[in-house]
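Coordinates in review
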Amino acid sequence: MNRVFIIVLDSLGIGEAPDAADFGDCGSNTLGVISVSRLFDCPNLRKYGLFNIDGVGGGTNHPAASFARMREASMGKDTTIGHWEIAGIISPKPLPVYPDGFPPEIISEFERLTGRKTLCNKPYSGTQVIKDYGAEHIKTGALIVYTSADSVFQVAAHDSVVSVKQLYSYCETARALLTGDNAVGRVIARPFTGEYPFVRTADRHDFSLPPPSPALPELLKAAGYRVISVGKIYDIFAGRGFDETHRTQSNDDGIDKTLEAEAREFEGLCFINLVDFDSAYGHRNDVDGYAAALSAFDARLPEIVSALKDEDILMITADHGCDPSTPSTDHSREYTPLLVTGKKIKGGINLGTRSTFSDISATVLDYFGVDKAGTHGESILKEIKK
């Protein structure tokens, strides 16, 4: 019974990509920055070869996993495009971004359709925007609309003013509105609660642009395999190709749900995103927090590996960088890591620098004997399978 577990350590870049200058990210190195923190302690990731990857340095003599450095071929550095590429889709055109806010015609139409005015309409930190606009929102009922360097349309509302269900409905309205040249990658509902300075709740929900063509989850499901989402994976692919989804409250919750999936009987893919690295630390420029979070994952990695069954494959990777030491709080254009392990997987194989994240998808499809059917990437299965 073949199973693959893909864990995306959201934003764990491992050094600037060759085209980092085109994205304003020269010198970015998420792993390099956090690895010098006093809170960084990742002996298990070191054991499995994270530091043996080309360009990282400080590796072990006998890494337990096979490993590679992944270069993104798509023109972007956001969550949606990164995950799509992992799943076999290369995006030659970047998704639209709005450094000056959304066009007046978009905002006015959104206001007409929802019956509510809007506030902000600028790139903003998600925690700061509710501090700066939360009180006015509560007083007026106007929705807080903001963006970031990513292709996102975010809508924040206090749960005493707008119910979570209604906020989701407003975001569905925005999703239907944002098409064509304004087809953002994600519309994100951002409910918050409490008194000033307010706190965001765990009821965030992403309304994603559907992938432009069938990707890894859809292809596996169509071939009769079970496909499970843990974390925001389901949202990123607009629900396409999944049999079930399990939302998470934190990285630890995501790991718990991964272990639950490992304990079950199924044949297919479990696709996991651990978002705290990005949302709680990378975007907050919290170097020590990021280091502590990766160390916490490292401490639980033996649990994940020991729960693997004989035919299971575990793949650990990332979707982009988010260097927490730079003046920017945005994602960074970086290489990402790939560690591959399992009882039938060789250790110590250096797969070099891959030309696309899509080699992950190609390898998984190869493992299940499913045709790539228009997806990208080259399988590494022959090099790593015992």
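Up top is the structure.
Residues numbered from 1 in each chain as written. Predicted model: local features only at pLDDT ≥ 70, side-chain atom pairs only at ≥ 80, totals over all residues. Heavy atoms only, no water.

1. Structural notes on the state of the cysteines
On inspection of all chains with the given rule, the structure shows zero disulfides. Not engaged in a disulfide, the cysteine Cys322 finds its nearest cysteine sulfur in Cys26; these two sulfurs lie 17 Å apart. (Disulfide = S-S within 2.5 Å.)

2. Topic: the packing of aromatic side chains
Enumeration according to the criterion identifies 15 aromatic pairs in this entry. Ring centres of Phe5 and Phe266 lie 6.0 Å apart, and the angle between their planes is 80°; on these two criteria the pair is classed as edge-to-face. Highlighted residues: Phe5 in strand β1 (residues 3–9) and Phe266 in the loop between α9 (251–263) and β11 (268–274), separated in sequence by 261 residues. Consider the rings of Phe102 and Phe153, whose centres lie 4.7 Å apart with planes at 55°: the pair is tilted. Taken together, the residues span a long stretch of sequence, with Phe102 in the loop between α3 (79–86) and α4 (104–114) and Phe153 in strand β5 (residues 152–158) at a distance of 51 residues. Here Phe102 matches Phe153 in class, with each residue buried. (Phe/Tyr/Trp six-rings, centres within 6.5 Å; stacked < 30°, edge-to-face > 60°. Helix = DSSP H or I, 4+ residues; strand = E, 2+ residues; numbered from the N terminus. Buried < 20%, exposed > 50% of the residue type's maximum accessible area, 1.4 Å probe, protein only.)

3. With respect to unusual backbone geometry
With omega at 10°, the peptide bond leading from Tyr196 into Pro197 counts as cis. Within the element layout of this structure, Pro197 appears in the loop between β6 (186–193) and β7 (199–200). Phi is positive for Asn121, close to 55°, though the residue is something other than glycine. Following the sequence through the fold, Asn121 ends up in strand β3 (residues 118–123). Since its relative accessible area comes to 18%, Asn121 is described here as buried.

4. Observations regarding the side chain of Arg69
Following the sequence through the fold, Arg69 ends up in strand β2 (residues 66–70). The buried charged residue Arg69 lacks any salt bridge partner; its closest oppositely charged side chain belongs to Asp54, at an N-O distance of 5.1 Å. In this structure the side chain of Arg69 is engaged in a polar contact, spanning 3.0 Å, whose partner is the side chain of Thr353. If near-sequence neighbours (up to four positions away) are discounted, Arg69 is found in contact with Ile14, Ile53, Asp54, Gly55, Tyr335, Thr336, Gly352, Thr353 and Arg354. (Lys, Arg positive; Asp, Glu negative; His and termini not counted. Salt bridge = Lys/Arg side-chain N within 4 Å of Asp/Glu carboxyl O. Polar contact = N/O pair within 3.5 Å; in protein donor to acceptor, adjacent residues only side chain to side chain. Contact = heavy atoms within 4.5 Å.)

5. Observations concerning the sheet that holds strand β12 (residues 312–317)
Overall, mixed pairing links the eight strands, which are arranged β10-β9-β11-β1-β12-β13-β2-β14 in an open sheet. In this open sheet, the two strands that pair with only one neighbour each are β10 (244–246) and β14 (350–354). Each strand of the sheet is rotated relative to its neighbour by a mean of 15°, with strand direction disregarded. Relative to β14, β2 runs parallel, the two sharing three bridges. Bridge pairing in β14 places Met70 opposite Arg354. Against the sheet, helix α11 (residues 287–306) touches β1, β11, β12 and β13 (336–341), its axis set at about 170° to β12. Packed on one face of the sheet, helix α12 (residues 359–368) meets β1, β2, β11, β12, β13 and β14 and runs near 165° to β1. (Pairing = 2+ DSSP bridges. Axes fitted to C-alpha atoms, helices over the stretch in contact; angles between N-to-C directions.)

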